[in-house]
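Listed here are the chains, written in short residue letters.
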Amino acid sequence: MNKVITECIRCGTCCKKGGPSFHLEDKVLIEKGIILSKYLYTIREGELCYDNVKESILPAASDIIKIKGQKDSVTCIFFNEKENECTIYDNRPLECRALKCWDTREIERIYSKNRLTRKDLISTIEGLWDLVEDHQRRCSYETLKFFIDALNKDKKDEALKGIFDIIEYDAQIRELVVQKGDLDPEMTDFIFGRPITETIRMYGFKIIKQNDNYRLIPIS
Ligand code: SF4
């Protein structure tokens, strides 16, 4: 007979399913440098993402800041596979503390409440926040979705131009902050969200760049 689990046995299963999302209660972990922002990425408002509680793909209602996965896997970057343990266990974020695989009521209660956003963390950084707001305006997922939907209508060329302009601006702003602002390239997924060349997969397309030209390919 299978043993009934009533406490965390540190099996690591939840850590291998992806890192947690951050809540206001976790702000201090980032502010104190316990969790560095280069280990984070942002799912931007409006971006399609998987909602673990509703078990469906939905547009994000606000920024969702998450811990990155390990190379080529969704396993949380702070999980030590060899030792089967969390390397920041005493400082693990709220969701990790709330998640009890034998009783999901607590994680369901807090899951979409008090989500930490980039505004909570970097809106006072002069110059940088203006770039974030400008990027959010020019590269919003709402606009991207508008152009993707327009592909099937009679203005396909305009729709393609709209999509490629967004992709180009998204790429340029990342280059700018790294080259001129001396920003660690690993921080761009937190500051501007993941590149649209990656996230466009959620909308059923992939992007190929050839000789400075983009091609939009439907994913079959
Ligand atoms: S922070 Fe620690 S407990 Fe939370 S998912 Fe990552 S490895 Fe697991």
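Provided above is the structure to which this section pertains.
## Describing the layout of surface pockets
Gaps left between atoms show up when a probe the size of a water molecule is rolled over them. Reported here for the second largest pocket is a volume of approximately 210 Å³. Lining the second largest pocket are Glu45, Ser62, Asp63, Thr117, Arg118, Lys119, Trp129, Val132, Glu133, Gln136 and Arg137. At the level of elements, α4 (118-122) and α5 (128-138) are the ones that each hand at least two residues to the lining of the second largest pocket. If you tally residues by element for the lining of the second largest pocket, the top one is α5, at 5 residues. Class assignment of the residues belonging to the lining of the second largest pocket gives a composition of 2 nonpolar, 3 polar and 6 charged. Taken domain by domain, the makeup of the lining of the second largest pocket includes at least three residues from each of domain 1 (15-118) and domain 2 (123-218).

## Details of the site of the ligand
What surrounds the ligand is the set Cys15, Pro20, Cys76, Phe78, Phe79, Cys86, Ile88, Pro93 and Cys96. Of the residues in the shell around the ligand, the class split is 9 nonpolar, no polar and no charged.

## As for the environment of Cys76
Relative to the helices and strands, Cys76 is located in the loop between β4 (64-67) and β5 (79-80). The sequence separation of Cys76 and Lys16 amounts to 60 residues, and the corresponding C-alpha distance is 6.2 Å. Discounting chain neighbours no more than four positions away, the residues touching Cys76 are Cys15, Gly19, Ile67, Lys68 and Gln70.

## Description of the pattern of salt bridges
Side chains carrying opposite charge are able to pair once their charged atoms draw close together. Within this structure, the stated rule accounts for 11 salt bridges. The residue Glu31 makes a salt bridge to Lys27 at a minimum N-O spacing of 3.3 Å. Of this pair, Glu31 and Lys27 are both found in helix α1 (residues 27-31), 4 residues apart, which corresponds to roughly one turn of the helix. You can call Lys27 partly exposed: its relative accessible area is 25%. Between Lys145 and Asp149 there is a salt bridge whose closest N-O contact spans 2.9 Å. Of this pair, Lys145 and Asp149 both sit in helix α6 (residues 141-150), 4 residues apart, which is roughly one turn of the helix. Residue classification places Asp149 among the partly exposed positions, given a relative accessible area of 34%. Three or more residues are tied together by salt bridges with common partners; here these are Asp170, Arg174 and Asp189.

## A short note on a nonpolar patch on the surface
On the surface, Ile5, Ile9 and Trp102 cluster together into a nonpolar patch covering about 260 Å² of accessible area. Mapped onto the secondary structure, Ile9 falls in the segment before α1. On the basis of relative accessible area, Ile9 is assigned to the exposed category, the value being 54%.

How each quantity is defined
Every chain begins its residue count from 1, and numbering advances along the sequence as written. Residues qualify for local features only when their pLDDT is at least 70, as the model is predicted, and side-chain atom pairs are given and counted only at 80 or more; totals for whole chains, interfaces and linings, by contrast, use all residues. As a rule here, side-chain values come from all non-hydrogen atoms in the structure, and water together with hydrogens is ignored. Here a cavity denotes a set of grid points, spaced 1 Å apart and computed over the protein atoms alone, in which a 1.4 Å probe fits but from which it cannot get out, and a pocket denotes an open set meeting protein on both sides within 12 Å along at least five of seven lines; residues with an atom within 4 Å of a point are reported as lining. Grid points are joined across faces, edges and corners, and a volume is the space filled by probe spheres set on the points. Numbering of helices and strands runs from the N terminus, with a helix taken as a DSSP run of H or I at least four residues long and a strand as a DSSP run of E at least two residues long. Note on residue classes: Ala, Val, Leu, Ile, Met, Phe, Trp, Tyr, Cys and Pro are nonpolar, Asp, Glu, Lys and Arg are charged, and everything else, Gly too, is polar. Start and end positions for the domains come from either an automated domain assignment or a database one. Residues are counted as near a molecule or strand when any one of their heavy atoms sits within 4 Å of it. Whether two residues touch is decided by their heavy atoms; if any such pair falls within 4.5 Å, the residues are in contact. By salt bridge we mean one thing: a side-chain nitrogen of Lys or Arg within 4 Å of a carboxyl oxygen of Asp or Glu. When a residue's accessible area, from a 1.4 Å probe over protein chains only, is under 20% of the maximum for its type it is buried; when over 50% it is exposed; and in between it is partly exposed. Note that patches include only residues with greater than 30% relative accessible area and no salt bridge, and the join distances are 9 Å for like charges and 5 Å for nonpolar side chains (Val, Leu, Ile, Met, Phe, Trp, Tyr). Computed by Shrake-Rupley with a 1.4 Å probe, the accessible areas treat only the displayed protein chains as cover when residues are assessed.

Taken by themselves, the reported measurements are silent on function.
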